[in-house]
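Each chain, written out:
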Amino acid sequence: TECVSGCVCPEGLFDDGKGGCVEEKDCPCFHNNQWYSPGEKITVDCNTCTCQKGVWSCTEEVCYGTCMIYGSGHYITFDGKFYDFDGNCEYVITQDFCGDKNSSGSFSIITENVPCGTTGVTCSKAIKMFIGVSNDILHIYQYSSILKIKKYCSKAISQTVGLYLVIEASNGVMLIWDKKTTVFIKLTPDYKGKVCGLCGNFDDKSNNDFTTRSGLQETNALKFGNSWKQSYMCPDVTQEIKPCDVKPHRKSWAEKECSIIRSEVFKICHAKVDPVPFYDACVHDACSCDSGGDCECFCSAVAAYAQECTKAQACVFWRTPDIC
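These figures come from a predicted structure and were not determined experimentally.

A few points about the overall build of the protein
Point 1. The helix and strand tally for the protein stands at six helices and 19 strands.
Point 2. By the burial criterion, 45% of the 324 residues in the protein qualify as buried.
Point 3. In the protein, 49% of the contacts between residues at least 6 apart in sequence involve partners at least 24 apart.
Point 4. As presented, the protein carries roughly 17000 Å² of accessible surface, and 52% of it is formed by carbon and sulfur atoms.

In structure tokens, the structure reads:
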């Protein structure tokens, strides 16, 4: 309502955000709560960004797509759509045969979901990866921590990298597994818009990720998920399971443990990756793991958020001797 006296930079100079005045060429850039000097570079996904006159100038490489499945039925599609689906059957995670009669398809990845705990939620027990027209199979059993390869040509190599088993196929498909409850599928940009399944269609638009096996657009996660089951003998999922309602005595413990996701520990990430769906998924899993493995379910849920933070260039050191 009135003018307030204050300090401004002399003509030709710019506020550097830190209380000083600089020439335009010396303006710093801001990213992830940090200041960067002109000429400094950062990596965002697969691109390099350089600070120039206070603005980031980035390369425009098309990056790998990543789909994540973790815990008791949580999915993040290639295009970033977050949803839950607790189906008890085998389902197509992703494949490049999507109804085009001229396409024979080069790969298909299937998940076998089974109940984990007594609340009715399901987890991925096994992953099958079919490669090429001869259908070579890489078969991963998660809970027994065994990698079983039924058929093996020279189409895929596997190696252990830190906590993860990494399987890389020659057709640009990569599968990363933490040997517990988390699976990542990575695809090269060549597959953009050419895949279908529970991981969506990888076309940079999340609003059409719920495309059913018959090609229809669906808004309901359960109807979408049911369409990708491998056997019509399996029952459809008809309602979303809420384990904290089934096991209310676990709810306060789950909320207390999972609060780390919304705490100061992850503050640097909150503006980049919305913590709410990951917190909700964490509470869901902590309530549902009632037949052993309570802490493993909690740790996997927090690790999933930490992984997304790392992708967004917000590296968080959250593990301690007391936590996971």
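Side note on the nonpolar core
Among soluble globular proteins, nonpolar side chains are generally buried collectively.
Point 1. Among the nonpolar cores identified, the biggest contains 38 residues, and Ile109, Ile185 and Leu187 are the most heavily contacted of them.
Point 2. Of all the secondary structure elements, the ones that give two or more residues to this core are strand S8 (65–70), strand S11 (90–95), strand S12 (107–115), strand S13 (122–131), strand S17 (164–169), strand S18 (173–177), strand S19 (183–187) and helix H1 (221–226).
Point 3. Setting aside chain neighbours within four positions, we find Ile109 in contact with Tyr91, Val92, Ile93, Thr94, Ile127, Lys128, Met129, Val173, Leu175 and Ile185.
Point 4. Counting 33 residues, the second-largest nonpolar core is a separate cluster that includes Val273, Cys299, Ala304 and Trp318.

Focus on the environment of Ala254
Point 1. Mapping Ala254 onto the fold places it in helix H3 (residues 251–258).
Point 2. For the pair formed by Ala254 and Tyr279, sequence separation is 25 residues and the distance between their alpha carbons is 9.9 Å.
Point 3. Apart from the residues lying within four places of it in its own chain, the contact partners of Ala254 are Val283, Ala286 and Cys287.

Some details on the pattern of salt bridges
Point 1. Tallied over the full model, the rule gives seven salt bridges.
Point 2. Lys311 is the salt-bridge partner of Glu308, the closest N and O atoms lying 3.5 Å from each other. Of this pair, Glu308 and Lys311 both sit in helix H6 (residues 294–311), three residues apart, which is roughly one turn of the helix.
Point 3. Among the residues examined, Lys311 registers a relative accessible area of 34% and is labelled partly exposed.

Focus: the packing of aromatic side chains
Point 1. The full count for this structure, using the stated rule, is 13 aromatic pairs.
Point 2. For the pair Phe82 and Phe278, a centre-to-centre distance of 5.0 Å together with 90° between the ring planes defines the contact as edge-to-face. With a gap of 196 residues between them, Phe82 in strand S10 (residues 82–84) and Phe278 in helix H5 (residues 276–288) connect regions that are remote in the sequence.
Point 3. For Phe82, a relative accessible area of 24% puts it in the partly exposed group.
Point 4. With a centroid separation of 4.7 Å and 20° between ring planes, the pair formed by Phe210 and Phe224 is classed as stacked. Taken as a pair, Phe210 in the loop between S19 and H1 and Phe224 in helix H1 lie far apart in primary sequence, 14 residues in all. Each member of the pair, Phe210 together with Phe224, is buried.
Point 5. One aromatic cluster is present, formed by Tyr75, Tyr83, Phe210 and Phe224 through successive ring pairs.
Point 6. When the ring centre of Phe210 is taken as origin, the NZ or CZ atom of Lys81, which lies over that ring, is 4.7 Å away.
Point 7. We note Arg262 situated over the ring of Tyr279; from NZ or CZ to the ring centre the distance is 3.9 Å.

A look at the confidence of the model for the protein
Point 1. This prediction gives the protein a mean pLDDT of 85; 88% of its residues lie at or above 70.
Point 2. When mean pLDDT is taken per element in the protein, H1 scores highest with 96 and strand S15 (residues 146–148) scores lowest with 51.
Point 3. Low pLDDT (under 50) marks residues 149–153, which in the prediction has 12 contacts with non-local residues, meaning those over four places away or in another chain.

Details of the pairing of S17
Point 1. For S17 and S18, the ladder comprises four bridges, and the chain directions are antiparallel. When the sheet's bridge partners are listed, Leu165 is paired in S18 with Trp177.
Point 2. Counting the residues in the hairpin turn of S17 and S18 gives three residues, including Gly172, whose phi is positive at 90°.

Thresholds, definitions, all that
Residues numbered from 1 in each chain as written. Predicted model: local features only at pLDDT ≥ 70, side-chain atom pairs only at ≥ 80, totals over all residues. Heavy atoms only, no water. Helix = DSSP H or I, 4+ residues; strand = E, 2+ residues; numbered from the N terminus. Buried < 20%, exposed > 50% of the residue type's maximum accessible area, 1.4 Å probe, protein only. Contact = heavy atoms within 4.5 Å. Areas by Shrake-Rupley, 256 points an atom, 1.4 Å probe, with all protein chains shown as cover. Core = buried A, V, L, I, M, F, W, Y, C linked by side-chain atoms within 4.5 Å. Salt bridge = Lys/Arg side-chain N within 4 Å of Asp/Glu carboxyl O. Phe/Tyr/Trp six-rings, centres within 6.5 Å; stacked < 30°, edge-to-face > 60°. Lys NZ or Arg CZ within 6 Å of the ring centre and 35° of its normal. pLDDT = per-residue confidence, 0-100. Pairing = 2+ DSSP bridges.

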